[in-house]
Amino acid sequence: MKNEKILIVDDEKPIREYLERTLRHLEYKTAISTDNVEKALEILKKGDISLLLTDLHMPGKSGMWLFEELGKLSLDTQ
């Protein structure tokens with residue numbers, strides 16, 4: 001799993017940065033982050049994300065919306 005891509009979605013920059021640092025410390029090689037669920041969905045559509053970490057409550061569209069959209073894509077992302 002440490003070579004897999006992880007997508008972090010959170011509207012708070014300090015949280016995204018903390019998660020990125022933690023993943024690097026744990027030797028995960030690729031972590032991508034964004035504060036926008038619509039941009040996250042575009043990244044997910046490429047099909048190369050193995051794990052999604054998202055805030056559920058954000059302004060505008062929420063992390064729950066993102067999970068619903070992810071379910072429609074039939075991807076292997078966890």
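Our subject is the structure listed above.
In this text, all values refer to a predicted model and were calculated from it rather than measured experimentally.

**Student:** How would you summarise the environment of proline 14 if you had to cite specific residues and measurements?
**Tutor:** Within the secondary structure, proline 14 sits in helix H1 (residues 13-25). Residue proline 14 is classed as exposed on the basis of its relative accessible area of 58%. Between the C-alpha atoms of proline 14 and leucine 75, which are 61 residues apart in sequence, the distance is 29 Å.

**Student:** So what's going on with helix H3 (residues 63-73)? Which residues, and what values?
**Tutor:** Of all the positions in H3, only Gly63, Leu66, Glu69 and Leu70 are classed as buried. Projected down its long axis, H3 shows its buried positions confined to an angular sector of 115 degrees, all on one face. Pointing more than 90 degrees away from the buried face of H3 are the exposed residues Glu68, Gly71 and Lys72. Where H3 is buried, its residues touch strand E1 (5-9), helix H2 (37-45) and strand E3 (51-54). By the N-cap criterion, in which a side-chain oxygen at the helix start approaches the backbone nitrogen of a residue two or three places on, H3 is capped by serine 62, the distance to methionine 64 being 3.2 Å. Once H3 finishes, serine 74 follows within two positions and takes phi at roughly 55 degrees, a positive value.

**Student:** Residue-level account of the environment of lysine 72, with values.
**Tutor:** Checked against the element boundaries, lysine 72 lands in helix H3. Residue class for lysine 72 comes out exposed when judged on its relative accessible area of 61%. Reaching out from lysine 72, the side chain makes a polar contact with the side chain of glutamate 69 at a distance of 3.0 Å.

**Student:** Please give an account of the pairing of E3 that cites residues and values.
**Tutor:** Burial along E3 is one-sided: Leu52 and Thr54 are buried, and none of Leu51 and Leu53, which face the opposite way, are. Taken together, the 4 bridges between E1 and E3 define a ladder with parallel strand orientation. Across the sheet, the residue bridging to isoleucine 8 is leucine 53, located in E3.

Thresholds, definitions, all that
- Residues numbered from 1 in each chain as written.
- Predicted model: local features only at pLDDT ≥ 70, side-chain atom pairs only at ≥ 80, totals over all residues.
- Heavy atoms only, no water.
- Helix = DSSP H or I, 4+ residues; strand = E, 2+ residues; numbered from the N terminus.
- Buried < 20%, exposed > 50% of the residue type's maximum accessible area, 1.4 Å probe, protein only.
- Arc of directions from axis to C-beta.
- Contact = heavy atoms within 4.5 Å.
- Polar contact = N/O pair within 3.5 Å; in protein donor to acceptor, adjacent residues only side chain to side chain.
- Pairing = 2+ DSSP bridges.

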